[in-house]
Structure formats: structure tokens, C-alpha cells
Amino acid sequence: MRYPLAASMLALALLAGCSSTPMTADQGASVEDRTASSAGTIPTVRPDQMQGAGLAALRDPNNILSKRAIMFDYDSFTIRGEFMPLVEAHGRFLAANPQMKMLIQGSADERGSREYNLALGQKRSDAVKKSLMLLGAKEGQIESVSLGEEKPQCTERNEACYAENRRGEMLYAGEF
């Protein structure tokens, strides 16, 4: 008889410990403001501005949108933190300009088999695409492809050169 009583007491204590109190409105976590006004001004390109000066932000060397390469670590398809502001700027730009199209070309250095490098390049371009989509771009705006080791930026055989070839490049319609 002693054990059933102890088991009942233990069950009662567990149930009491699982009770919760309802949250009030002032107890919730704060939400970060990510509206367009808090993110800075993102240029919007109207369809009638698709030529010439309308795309100036993409060509202005002083604008982050003119930068298109995302570099990756060896054997990795994780976007490094230093490139996140670049990805965020392009994601916001695509979200604000749904008529714009982008091609992402994933590349690898020459080390590894041809098949492995094609797969790694695809994973890199897909990682950039997923990040852009999380930032508001639509899937129909972005195409991701792999170049593998086929179009190197640098052809020397050293670590600095290999690092240049581990990249994802973002190209807008008219640039590819």
C-alpha cells in the first residue's frame, strides 16, 4: 500500500509542476522592425526604367548593389557573415522590384572531381537563392545554376587563386 500512495503523490506533484500561467500582452518578446523605412532606401525600378539610368543603382560602384560576388570557404556552401549585408541588399532590391530577374552562378575551385564541383557549385547557388527568397524575393525571379570549376576567375594553382574561384555570382537580366 505504501508504493501506490507514493506513486499517486509523485504523479500529483508532476501535474502541478506542469501548470502554466497565461501570458499578458506586456510579457511577449519584442519584434524587430524590418519595414522599408527601417532598412534604408532601396531603389525601385519601374518597368519603363528598365533601360539606362533606371538601373544605375546596379552599376554605381558606390552602391552595394553593384557588388555581385559572394565568396565561400573551402568545401562549404554556407554564406559567410561578411557577405550577408550584400545578400540582404539584393534580396530587398528584388522584393521591391518584382519584375527584375536574377541568375546565380555557383562556382568551385579545381580541386575535387568534376561531378563533385558541379554539385558544390549548385549547393552554393541554391544557398544564395534561398537566402534571397527569405528576404522577400520570389522564386520565379531567381534561377540558380552551377558552373562547377568550368569558368575560373583565376587560373594559378595557389590558395589565393582557389579562394577567388569559390564563389556565387549574382547577375541581373541583361547581364547574362
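Parameters and conventions
- Along each chain, numbering runs from 1 in the same order as the chain's sequence is written.
- In keeping with the model being predicted, local features are shown solely for residues with a pLDDT of at least 70 and side-chain atom pairs are shown and tallied solely at 80 or more, while totals for entire chains, interfaces and linings include all residues.
- Hydrogens and water are ignored here; the side-chain numbers use all heavy atoms of the structure.
- Starting at the N terminus, helices and strands are each numbered in turn, a helix being any DSSP run of H or I of at least four residues and a strand any DSSP run of E of at least two.
- Summary of the burial criterion: residues with accessible area below 20% of their type's maximum are buried, those above 50% are exposed, and those between are partly exposed, where the area comes from a 1.4 Å probe applied to protein chains only.
- Between two residues, a contact is recorded if the distance between any of their heavy atoms is within 4.5 Å.
- Exposure was quantified through the Shrake-Rupley algorithm and a 1.4 Å probe, taking into account, for residues, occlusion by the shown protein chains and nothing else.
- Only the six-membered ring of Trp is used, alongside the rings of Phe and Tyr, when aromatic pairs are assigned; centres must lie within 6.5 Å, and planes under 30 degrees apart are stacked while those over 60 apart are edge-to-face, with the rest tilted.
- To form a nonpolar core, buried Ala, Val, Leu, Ile, Met, Phe, Trp, Tyr and Cys residues must be joined to one another through side-chain atoms within 4.5 Å.
- Residue-level confidence of the predictor is summarised by pLDDT, bounded by 0 at the bottom and 100 at the top.

Asks: What is the right way to look at the overall build of the protein in this model?
Replies: Within the protein, the secondary structure is distributed over 6 helices and 4 strands. Starting at the N terminus, the α and β elements of the protein follow one another as α-α-α-β-α-β-α-β-α-β. Expressed as a percentage of its 176 residues, the buried residues of the protein come to 32%. If you take every contact in the protein between residues at least 6 apart in sequence, the share linking residues at least 24 apart comes to 69%. Working note: accessible area of the protein is about 11,300 Å², and carbon and sulfur atoms make up 57% of it.

Asks: Where do I start with the packing of aromatic side chains in this structure?
Replies: Centre-to-centre distance and the angle between the planes together describe a pair of aromatic rings. A full pass over the atoms with the stated rule returns 1 aromatic pair. Aromatic side chains Phe 93 and Tyr 172 sit 5.6 Å apart centroid to centroid with 85° between the ring planes, which places their arrangement in the edge-to-face category. Of the two residues, Phe 93 sits in helix H4 (residues 84–96) while Tyr 172 sits in strand E4 (residues 167–172), which places them 79 residues apart along the sequence. Its relative accessible area of 1% is what places Tyr 172 among the buried residues.

Asks: Any chance you could explain the nonpolar core here in plain terms?
Replies: As a rule of thumb, soluble globular proteins bury nonpolar side chains together. Ile 70, Leu 94, Val 128, Leu 132 and Met 170 are the most contacted members of the largest nonpolar core, which totals 23 residues. Elements with a minimum of two residues in this core: helix H3 (56–59), strand E1 (69–71), H4, strand E2 (102–107), helix H5 (114–134) and E4. At 5 residues, the largest contribution of residues to this core is made by H4. In this view, Ile 70 contacts Ile 79, Phe 83, Leu 86, Val 87, Val 128, Arg 166, Arg 167, Gly 168 and Met 170; residues no more than four positions away in its chain are not counted.

Asks: Any chance you could explain the confidence of the model for the protein here in plain terms?
Replies: Detailed reading of the predicted coordinates is not advisable wherever pLDDT is low. A residue-level look at the protein finds 69% of positions with pLDDT of 70 or above and a mean pLDDT of 82. Counted against residues more than four places away or in other chains, residues 28–40, with its pLDDT under 50, gives 3 contacts. Between residues 47–54, whose pLDDT stays under 50, and residues either more than four places distant or in other chains, the model counts 10 contacts.

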